[in-house]
Amino acid sequence: MTDGDNPAASEPRYEPIGDGSPGVGDADDVSGGPPSPAAPHIWFLLRRGFAAGLKGTRSRWFWGWSAAVLAVCCCAGALLVSAAVAIGGLPPDSHGWTYILTAAALVVACCVLAIRWGAVPVLPGPPDGRADGPWRGWAQATVKGTVFAAAAGLLLTVFAALTDSGPAVAAVSFGLMVVEAVVFAGIGAGAACWFEDWRGRALAWGMAGLLLVGNVGAVVALLPTVRAEELVLVTINIQRDELGRVTSYSCSSEVSGTSVVDHTERIMWLATSHPVVLLALLAGETDPRVDAINWVPGELQAAAEGTQVPCVAGNDGEEAGSGVPLAPVGFGTQLAAAGVVLAAGQRAAGRSRKLPV
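Residues numbered from 1 in each chain as written. Predicted model: local features only at pLDDT ≥ 70, side-chain atom pairs only at ≥ 80, totals over all residues. Heavy atoms only, no water.

1. Quick look at the overall build of the protein
Note the threshold: Strands here are runs of E lasting at least two residues and helices are runs of H or I lasting at least four, both read from the DSSP assignment and numbered beginning at the N terminus. Contacts are residue-level and defined by heavy atoms, with any inter-residue pair within 4.5 Å sufficient. Calculation of accessible area relied on Shrake-Rupley with a 1.4 Å probe; when residues are assessed, cover is drawn exclusively from the protein chains displayed.
On a plain count of helices and strands, the protein comes out with 9 helices and 2 strands. Starting at the N terminus, the α and β elements of the protein follow one another as α-α-α-α-α-α-β-β-α-α-α. For the protein, restricting intrachain contacts to residue pairs at least 6 apart in sequence, the fraction spanning at least 24 positions comes to 75%. Surface exposure of the protein reaches about 18300 Å², of which carbon and sulfur atoms provide 64%.

In structure tokens, the structure reads:
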């Protein structure tokens, strides 16, 4: 028999486990017994990735790039506010806008860095570079993204003190950057494991483009297609909160006239996965006293419900803010995208572990 000439060919490292998932009882398995379950092996890879990520954050290259990105984001926020003040779009004392725009730029920068860190293979593995799956790369990129988020959060806290603003935006930005580091690192690591060549990088950056540009661009492009002229009824019993936002209203049976209505409720869900939209939603709800963005959550919710023009004939909704919360939809879309790519990367790695005998 051919296998008898080579006893190593029948070792457990070549045997699938259970329903065909790859075994982990290879040469790195210190147990010396039968193949161990996949979960301990993945946990081992995650620990190695976390350790490698922490080691990477002590390098001068990491802090050099991080400092450069922080500086660029700060300058971009300051220049945008200065330009808006110069053309009369903002009053001269709009220092809080620098704080807000810098936070938005840092959130986007964290997403881009996480993709870059996640899409780069780390720690050479067995003969096939994909054999360990995406977990080490994902863990390493997540650690780097979290450390960058901490540095950015500290910088934003200083901005909050200098601009006499509340620290809520800095805290929300830090938490959001940690989540985005997890999501975009997963996309980068999963894509790099799914396709080892240029296709993996193209997939990673393509998905990043969809989440950072394509979603909002799709809403803008589709807006003319959901515009229509509708009959509008007279609005009565309007109630507002302390910030002047409409919380509820009623519609009479009397027709007020016609109005051009954008049925944004059909397309607004596309934009909820954008990190800056999520920042505006969370920061505005966390500290509604922040004048620069306290109106944003209400306007986005109204766009999602199609209630910018209240009491459109045939619309039974008479409560503002009663629709599905936008932030969970956005986070769910991001996590689903990362989960799909990570699962595909792990599946590709599983196939690569079935080495020829």
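2. Section: the state of the cysteines
The test is simple: Cysteine sulfurs are considered disulfide-paired once they come within 2.5 Å of each other. A simple rule labels every residue: compare its accessible area, found with a 1.4 Å probe on the protein chains alone, to the largest value its type can have, and call it buried under 20%, exposed over 50%, or partly exposed in between.
For the coordinates displayed, the defined rule picks out 1 disulfide. Shown here is the disulfide that connects Cys251 with Cys311, its sulfur atoms set 2.0 Å apart. Across the disulfide from Cys251 to Cys311, rotation about the S-S bond amounts to roughly -90°, and the bridge is consequently left-handed. With a gap of 60 residues between them, Cys251 in strand 2 (residues 246–262) and Cys311 in the loop between helix 8 (296–305) and helix 9 (326–353) connect regions that are remote in the sequence. The class for Cys251 is buried, based on a relative accessible area of 18%. Owing to a relative accessible area of 1%, Cys311 belongs among the buried residues under this scheme.

3. Considering the environment of Arg136
Its location among the elements puts Arg136 in helix 4 (residues 135–162). For Arg136, a relative accessible area of 5% corresponds to the buried category. With 86 residues separating them in the primary sequence, Arg136 and Phe50 have C-alpha atoms 7.6 Å apart.

4. Examining the environment of Leu80
Counting through the fold element by element, Leu80 comes out in helix 2 (residues 60–86). Separated by 18 residues in sequence, Leu80 and Thr98 place their C-alpha atoms 7.9 Å apart.

5. Overview of the confidence of the model for the protein
For clarity, the threshold we go by: The score called pLDDT rates the predictor's confidence residue by residue, from a low of 0 to a high of 100.
When the pLDDT values of the protein are averaged, the result is 79; 76% of them are 70 or greater. When the criterion is pLDDT under 50, residues 318–322 qualifies, and its contacts beyond four places in sequence or with other chains add up to 15 contacts.

6. Quick look at the packing of aromatic side chains
Within a pair of aromatic rings, the relevant descriptors are the distance that separates the centres and the angle that separates the planes. Counted only if it meets this: Classification of ring pairs uses Phe, Tyr and Trp, with its six-membered ring standing for Trp, and accepts pairs whose centres are within 6.5 Å; under 30 degrees between planes counts as stacked, over 60 as edge-to-face, and the remaining range as tilted. Throughout this description, the term charge over a ring refers to an Arg CZ or Lys NZ atom that lies within 6 Å of the ring centre and within 35 degrees of the ring normal.
Across all of its chains, the model carries 4 aromatic pairs by this definition. Plain terms: the ring middles of Phe62 and Trp117 are 5.5 Å apart, the flat faces sit at 35° to each other, and that makes the pair tilted. Taken together, the residues span a long stretch of sequence, with Phe62 in helix 2 and Trp117 in helix 3 (residues 95–118) at a distance of 55 residues. For the pair shown, Phe62 and Trp117 are each scored as buried. With a centroid separation of 5.1 Å and 15° between ring planes, the pair formed by Trp194 and Phe195 is classed as stacked. The exposure class of Phe195 is partly exposed, given its relative accessible area of 24%. One aromatic cluster is present, formed by Phe62, Trp63 and Trp117 through successive ring pairs. Sitting above the plane of the Trp65 ring, Arg116 keeps its charged end 5.6 Å from the centroid.

7. What about the side chain of Thr142?
Looking at the element boundaries, Thr142 is found in helix 4. Take Thr142: its relative accessible area is 8%, and that puts it in the buried class. Those residues in contact with Thr142 that lie beyond four places of it in its chain are Ala181, Val182 and Ala185.

8. Examining the nonpolar core
So the rule is basically this: Think of a nonpolar core as a cluster: buried Ala, Val, Leu, Ile, Met, Phe, Trp, Tyr and Cys residues, connected wherever their side-chain atoms sit within 4.5 Å.
Judged by nonpolar contacts, the single largest core of 57 residues is most densely connected at Tyr99, Leu106, Trp138, Phe148, Met177, Phe184 and Leu279. Contributing elements (two or more residues each) for this core: helix 1 (38–56), helix 2, helix 3, helix 4, helix 5 (168–194), helix 6 (198–222), helix 7 (275–286) and helix 9. For this core, the element with the most residues is helix 3, which contributes 13 residues. Contact partners of Leu279, with chain neighbours within four places excluded, come to Ala103, Ala104, Val107, Val172, Ser173, Leu176 and Gly284. In this structure, Val219, Ile267, Met268 and Val296 belong to the second largest nonpolar core, which totals 12 residues.

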